[in-house]
Amino acid sequence: GWTVLDNLYVFGGTIFVVSSKPEDIPHPRYLTSSGYNIQNEPEEVRKRLPSDKDIRIVTPHEAQRIFNTHAASQLDGASFLVTDPKQFITHYYHFSAELLFGLWRTYTALDPFIGSDAHTTLPPPRRLVFRHVESSQWRDYAAMNQWVLRGAFPGIGTEFSEDWADRAAMPVPVVFARVVLADRAASYEGEPYKATWRSASNAFDLRGGPHWWAPLRKSVLQFSGLAAEWIHGPDPSARAENEQFVITYISRQDWGRRMLRQKDHEVLVEELYKLRDRYGYEVNIVNMDKMSRAEQLRLAGRTTIMMGLHGNGLTSLLWMRPTPRSTVIEFLYPKGFAFDYEYTTRALGMTHYGVWDNECVLLLPFIALRPCAVNTNDMISLCALCRTFTQPNVPREQNYPEGFQGNDIPLNGAVVAQLVHNRLSLATEEADA
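Computed from a prediction, not measured in an experiment: that's the story for all the values here.

Chemist: Help me out: how do you make sense of helix α4 (residues 144-152) in this one?
Modeler: Residue pairs spaced three or four apart in an α-helix point in one direction, given the helix's 3.6 residues per turn. Along α4, 8 of the 9 residues are buried, which leaves the element largely enclosed by surrounding structure. Among the residues of α4, those classed as buried are Met 144, Asn 145, Gln 146, Trp 147, Val 148, Leu 149, Gly 151 and Ala 152.

Chemist: Explain the pattern of salt bridges here, please?
Modeler: Oppositely charged side chains can pair when the atoms bearing their charge come close. Tallying each qualifying case throughout the model produces 17 salt bridges. Salt-bridge contacts for Arg 261 lead to Asp 408; the nearest nitrogen and oxygen are separated by 3.0 Å. On the criterion of sequence distance, the pair formed by Arg 261 in the loop between β8 (246-250) and α10 (262-279) and Asp 408 in the loop between β15 (388-389) and α14 (413-425) is long-range, its members being 147 residues apart. Looking at Asp 408, the relative accessible area reads 45%, which means it is partly exposed. Each of Glu 98, Arg 184, Arg 198 and Asp 340 takes part in one network of salt bridges that share partners.

Chemist: Looking at this model, I keep getting lost on the packing of aromatic side chains. Mind explaining?
Modeler: Here the distance between the centres and the angle between the planes together describe a pair of aromatic rings. Going through the model one piece at a time under the given rule, you end up with 30 aromatic pairs. The interplanar angle of 20 degrees and the centroid separation of 5.5 Å between the aromatic rings of Tyr 279 and Tyr 281 together place this pair among those described as stacked. Note on Tyr 281: relative accessible area 9%, which makes it buried. Of note, Arg 184 hangs over the ring of Phe 88, and the distance from its end group to the ring centre comes to 3.8 Å. The positively charged end of Arg 302 is found above the aromatic ring belonging to Trp 230, 5.2 Å away from the centroid.

Chemist: I tried to follow the confidence of the model for the protein on my own but got confused; where do I start?
Modeler: The predicted coordinates of low-pLDDT regions are not to be read in fine detail. Across the protein, the average pLDDT comes to 90, with 90% of residues at or above 70. Across residues 360-386, where pLDDT falls below 50, the model places 32 contacts with residues more than four positions away in sequence or in other chains.

Chemist: I tried to follow empty space enclosed by the protein on my own but got confused; where do I start?
Modeler: Left-over empty space is what a probe sized like a water molecule reveals as it rolls over the atoms. For the coordinates displayed, the defined rule picks out 1 cavity of 30 Å³ or more. One number sums up the size of the largest cavity: a volume of about 90 Å³. In terms of lining, the largest cavity is formed by Trp 2, Asp 84, Pro 85, Phe 88, Ile 89, His 94, Glu 98, Leu 99, Ala 182, Asp 183, Arg 184 and Ser 199. With 3 residues, the single largest contributor to the lining of the largest cavity is helix α3 (residues 92-107). Residues that form the lining of the largest cavity fall into these classes: 6 nonpolar, 2 polar and 4 charged.

Chemist: Even after reading the chapter, I still don't get the packing of α3 against helix α12 (residues 340-347), so can you show me in this structure?
Modeler: Where α3 meets α12, the closest approach of the two axes is 12 Å, and the angle between their N-to-C directions is 45 degrees. Comparing the axis directions of α3 and α12 gives the class oblique. With respect to the hand of their crossing, α3 and α12 are arranged in left-handed fashion. Together, Tyr 93, Ala 97 and Phe 101 of α3 and Asp 340, Tyr 341, Thr 344 and Ala 347 of α12 make up the contact between the two elements. Among the residues forming the contact of α3 with α12, the class breakdown is 5 nonpolar, 1 polar and 1 charged.

Thresholds, definitions, all that
Residues numbered from 1 in each chain as written. Predicted model: local features only at pLDDT ≥ 70, side-chain atom pairs only at ≥ 80, totals over all residues. Heavy atoms only, no water. Buried < 20%, exposed > 50% of the residue type's maximum accessible area, 1.4 Å probe, protein only. Helix = DSSP H or I, 4+ residues; strand = E, 2+ residues; numbered from the N terminus. Salt bridge = Lys/Arg side-chain N within 4 Å of Asp/Glu carboxyl O. Phe/Tyr/Trp six-rings, centres within 6.5 Å; stacked < 30°, edge-to-face > 60°. Lys NZ or Arg CZ within 6 Å of the ring centre and 35° of its normal. pLDDT = per-residue confidence, 0-100. Contact = heavy atoms within 4.5 Å. 1 Å grid on protein atoms, 1.4 Å probe; cavity = no way out; pocket = protein on both sides within 12 Å on 5 of 7 lines; lining within 4 Å. Points joined across faces, edges and corners; volume = space filled by probe spheres on them. Nonpolar A, V, L, I, M, F, W, Y, C, P; charged D, E, K, R; others polar. Axes fitted to C-alpha atoms, helices over the stretch in contact; angles between N-to-C directions. Parallel < 35°, antiparallel > 145°, perpendicular 65-115°, else oblique. Left-handed = near helix turned anticlockwise from the far one by under 90°.

In structure tokens:
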């Protein structure tokens, strides 16, 4: 699902991988798909398999016979080529934290020595090509896709299915000098995906360094107007107690879907303000849909601990600066779990905690869920510990129980506040032992 190819040919709308050793090229289903919508039924899965109209792997001799010309249209530089349907494109998380995430991680395999200063030897991609998506179909409702893309790569061009059709009608092949090819359906064939349910996870089998995301983060935050000291962080020699810690709670209480119990929301806000008053932390209680795009990104770029219910707002974790204290705390309906934000946080080198309320969670090699019976002060303390979980003790499977999308999600604000303070003080915790 994530492939770097040099001198990739496109002719008559078909991708041609031309190699003198075609047996060394992975099977086409690992490279691309038909562009059919992704559904889980076996018949629907078969419809996604690529045909010879989608991709062919040929020798130079076969290519010459098929093209029947010595001419070609040359496209210099790197191109990001996406063969997905629009199904997952028009969503901030799927676009930025999966598609762009995987494309850039794959590309940076060519420069595994990116430093914390965000310097890379890689030239920015010249173009982003959507084979199966029309020009009117790639923007999301919050207009974040275009903001992130233009911020990350100010000079990038975009091409869509109409342009693909134009090139297909030409009598000569197009040669892409270098392509990073992304296909979500093809990524489902990878073992990392099967373990994480995250399409970009396969790209992390490629070589790479810990600061691979830094160039994109820097570009997007500069574009959004964040001051340089927040992008790069304080002087490493500065004393930790002089560093300003920023807590951001992304509320969904006005959203109308997937919300905390109102009383639990109010208790959480009260507990966070207690931390502010006692320790001097900066605390922000925000509704992302009421902020401009630049404001959202600038706040995320300054945030040390981000928290909120499972939802699109947590995509802002992409712009946090990874440090030993950087943490994402995700509130989930009891027994519910999804890898979306857990995996993305971990892939950026930060710490993720899931929080369930009203459940005591015993996470051992076999996960057991037991009702939390609180009879003593000791049990209250134990239950508080059990309501949070982090790697390596996370559920092995995604789960969306009834109530996961509802508006009656419970939360213990005191437990969350204690976790926040533990993370910011780097106190000894069971999960960090």
